Every structure is written in C-alpha cells, then in structure tokens.
Amino acid sequence: MTLLADIFDHNKSFVEDKKYEELQTNKYPSKKIVILTCMDTRLVELLPKAMNFKNGDVKLIKNAGATISHPFGSVMRSLLVAIFELKAEEVCVVGHYDCGMINFSSSSMLKKALDRGIKEETITTLLNADIDLNKWLEGFNCVEDSVKNSVQMIKKHPLFPNNIPVHGMVIDPETGKLSEVINGY
Ligand SMILES: [Zn+2]
C-alpha cells in the first residue's frame, strides 16, 4: 500500500467513525496568539503539549527553521492575516535546539540538487537573474540570534501594529523545555 492509499484508507474510517467530533472548533484562535515555529518532526505533538495548546487554541505557522526569509513573503503575510482577520493579539516565534537549519549550507543543498538531476545551467540562470540563492537557502549559526532576527523583522514591518507583543522562545526538542529569548510585553 502506498503512503497516499494508507492516508485515504485511514481517512475513510476517521470520517465514518466521526473522530472529528472531539476536534471541532472554529477558525478564531481561542488563546488569541499566532505561533511561528519549525517544521521539525519532533515538534509535531511535543510543541502543542509543551505549550499547552490544542485544536482551536492558536494559529500555527511552520517552516524550516521558524525563519522569515522575506518581509513580503508568505510567513509575514500569514502573521498579518492572523492579526487583522483572525483576532490574534500576540505573536510568538519558537525556534528549537538541534534545528536542521543550524549551520545549514546553501552550497551543500545546491550540490544535492545537482546530484538529483537539476542542471548546472539552471542554477547559473537563476544566479544571473539576480536571485540570491545563497541568502535564500542559507541557515543560521545560533538559534537564539535567529529568533531575535525574526522578532525584529516582524516588529519593524511597516504593516505590523505596534501594540501587538512579539515574543521569542527556544524549545528543547527532547524535553519540551522552553527558554525565553524575548519577552514581548
Ligand atoms: Zn528546525
């Protein structure tokens, strides 16, 4: 059975057995907060349990490294939608130790792309088109600094209201212990 077939197979009984009923809620976060965190597999269940939120409590944005790569990209847009349209009143950026984006190198990823059949000239064309692949793909050295950068980027955004607190934290992916990096109040 493929993974896709497995998902649909499970989904059929999930819906038939009305397993969704215990999860039903609405689109507004009852804890009025939007969280930006990493897509790390260890955080899928650990983060909500360690921070005490469940379905319906928060808006959750995830990507590689909990970073904002561009002030007018999809992460910043999602944060603004959460605040202006979905009643979030606080923001929290949660990085984590042992993140795959720590010391992540764009050159090693581009090498893997070449190994997977992407043509060298494609990469050259992108570089010639002034696309800064290295900056776009590069990770970070220190998770606390990365969280601080993300918090600053959010607070300095021209469309971000200045009465919304922006917090920064780091979570231990083994124990779930949270450390405060920035208290936004
Ligand atoms: Zn990570």
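Up top you'll find the structure we're talking about.
Because the structure is predicted, anything quoted here is derived from the model rather than measured.

Colleague: How would you explain the overall build of the protein chain if you had to name every residue and give the values?
Modeller: Helices and strands together make up the secondary structure of the protein chain, namely seven helices and five strands. Listed by position from the N terminus, the elements making up the protein chain come as α-β-α-β-α-β-α-α-α-α-β-β. Across its three principal directions, the C-alpha atoms of the protein chain cover 50 × 50 × 35 Å. By the burial criterion, 34% of the 185 residues in the protein chain qualify as buried. A separation threshold of at least 6 residues defines the contact pool for the protein chain, and within that pool the share at least 24 residues apart is 73%. Carbon and sulfur atoms make up 54% of the accessible area of the protein chain, which totals about 12,000 Å². A gap of 5 Å separates the mean positions of the 22 positive and 24 negative side-chain charges of the protein chain.

Colleague: Break down the environment of Leu80 for me, with residues and values.
Modeller: Following the sequence through the fold, Leu80 ends up in helix H3 (residues 74-84). Classification of Leu80 as buried rests on a relative accessible area of 12%. Placed 74 residues apart in sequence, Leu80 and Ile154 show a C-alpha to C-alpha distance of 9.5 Å. Sequence-distant contacts of Leu80, defined by excluding residues within four places in its chain, comprise Glu85, His157, Leu159 and Phe160.

Colleague: Outline the layout of surface pockets, supporting the account with residue identities and numerical values.
Modeller: The calculated volume of the largest pocket comes to roughly 690 Å³. Lining the largest pocket are 23 residues, with Thr67, Ile68, Ser69, Lys135 and Trp136 sitting closest to its centre. For the lining of the largest pocket, the elements supplying multiple residues, two or more each, are H3, helix H6 (133-137) and helix H7 (143-156). Tallying contributions element by element places H7 first for the lining of the largest pocket, with five residues. For the lining of the largest pocket, the class distribution of residues is eight nonpolar, 11 polar and four charged. Taken domain by domain, the makeup of the lining of the largest pocket includes at least three residues from each of domain 1 (26-100 + 142-182) and domain 2 (105-138). Around the second largest pocket sit Val44, Glu45, Pro48, Lys49, Phe53, Lys54, Asn55, Val58 and Leu60, which together line it. Only helix H2 (43-51) and strand S2 (58-63) provide two or more residues apiece to the lining of the second largest pocket.

Colleague: Quick one: what's the story with the coordination of the zinc ion, residue by residue and with numbers?
Modeller: The coordination sphere of the zinc ion, as far as protein atoms go, consists of Cys38 (SG), His96 (NE2) and Cys99 (SG), spread over 2.0 to 2.3 Å. Sequence positions of the donors to the zinc ion reduce to the motif C-x57-H-x2-C. Linking Cys38 in strand S1 (residues 33-38) with Cys99 in the loop between strand S3 (90-96) and helix H4 (106-115), this pair joins segments that are 61 residues apart in sequence.

Colleague: Requested: an account of the sheet that holds S2, with residues and values cited.
Modeller: Taken together, five strands build an open sheet; the order of strands is S2-S1-S3-S4-S5 and the sheet is mixed. Strands with a single pairing partner mark the edges of an open sheet, and in this sheet they are S2 and strand S5 (178-182). Recorded for the sheet is a direction-independent mean angle of 25 degrees between the axes of neighbouring strands. Across four bridges, the pairing between strand S4 (residues 166-171) and S5 is antiparallel. When the sheet's bridge partners are listed, Gly168 is paired in S5 with Ile182. Contacts between H2 and the sheet are confined to S1, S2, S3, S4 and S5, with S1 contributing the most and set at about 140 degrees to the helix.

Colleague: If you had to explain the nonpolar core to someone new, which residues and values would you point to?
Modeller: Ile35, Leu47, Leu79, Val91, Ile154 and Phe160 are the most contacted members of the largest nonpolar core, which has 36 residues in total. Every element with two or more residues in this core is listed here: S1, H2, S2, H3, S3, H7 and S4. Examining the composition of this core, we find that six residues originate from one element, H3, more than from any other. Contact partners of Leu79, with chain neighbours within four places excluded, come to Val34, Ile61, Ile68, Val91 and Ile154.

Rules of the game
- What you see as residue numbers is a count from 1 along each chain, following the sequence as written.
- Residues qualify for local features only when their pLDDT is at least 70, as the model is predicted, and side-chain atom pairs are given and counted only at 80 or more; totals for whole chains, interfaces and linings, by contrast, use all residues.
- Heavy atoms throughout the structure, all of them, feed into the side-chain values; hydrogens and water do not.
- What counts as a helix is a DSSP run of H or I of at least four residues, what counts as a strand is a run of E of at least two, and both are numbered from the N terminus.
- For each residue, the accessible area found with a 1.4 Å probe, counting protein chains only, is set against the maximum for its type, and the residue is called buried under 20%, exposed over 50%, and partly exposed in between.
- Contacts between residues were defined by any pair of non-hydrogen atoms, one from each residue, lying within 4.5 Å.
- Note on areas: these come from Shrake-Rupley sampling with a 1.4 Å probe, and a residue is covered only by the protein chains present in the view.
- By the counting rule applied here, Lys and Arg register as positive and Asp and Glu as negative, while His and the ends of each chain are not counted.
- By convention, the point assigned to a charge is CZ for Arg, NZ for Lys, CD for Glu and CG for Asp.
- Site definitions follow a grid-based scheme: protein atoms alone, a 1 Å grid, a 1.4 Å probe that fits but cannot get out for cavities, and for pockets an open set with protein on both sides within 12 Å along at least five of seven lines, plus lining residues having an atom within 4 Å of a point.
- Grid points are joined across faces, edges and corners, and a volume is the space filled by probe spheres set on the points.
- Residue type decides the class: Asp, Glu, Lys and Arg count as charged, Ala, Val, Leu, Ile, Met, Phe, Trp, Tyr, Cys and Pro as nonpolar, and the leftover types, Gly among them, as polar.
- Each domain's extent was defined by an automatic or database domain assignment.
- Each metal's donors are the N, O and S atoms within 2.8 Å of it, or within 3.2 Å when it is Na, K or Ca, and because water is not part of the set, sites may look incomplete.
- Here a strand pair is declared whenever DSSP counts at least two bridges between the two strands.
- Simply put, an axis is a line fit to the C-alpha atoms, just over the touching stretch for a helix, and the angle between two N-to-C directions goes from 0 to 180 degrees.
- Residues belong to a common nonpolar core when they are buried Ala, Val, Leu, Ile, Met, Phe, Trp, Tyr or Cys residues joined through side-chain atoms within 4.5 Å.

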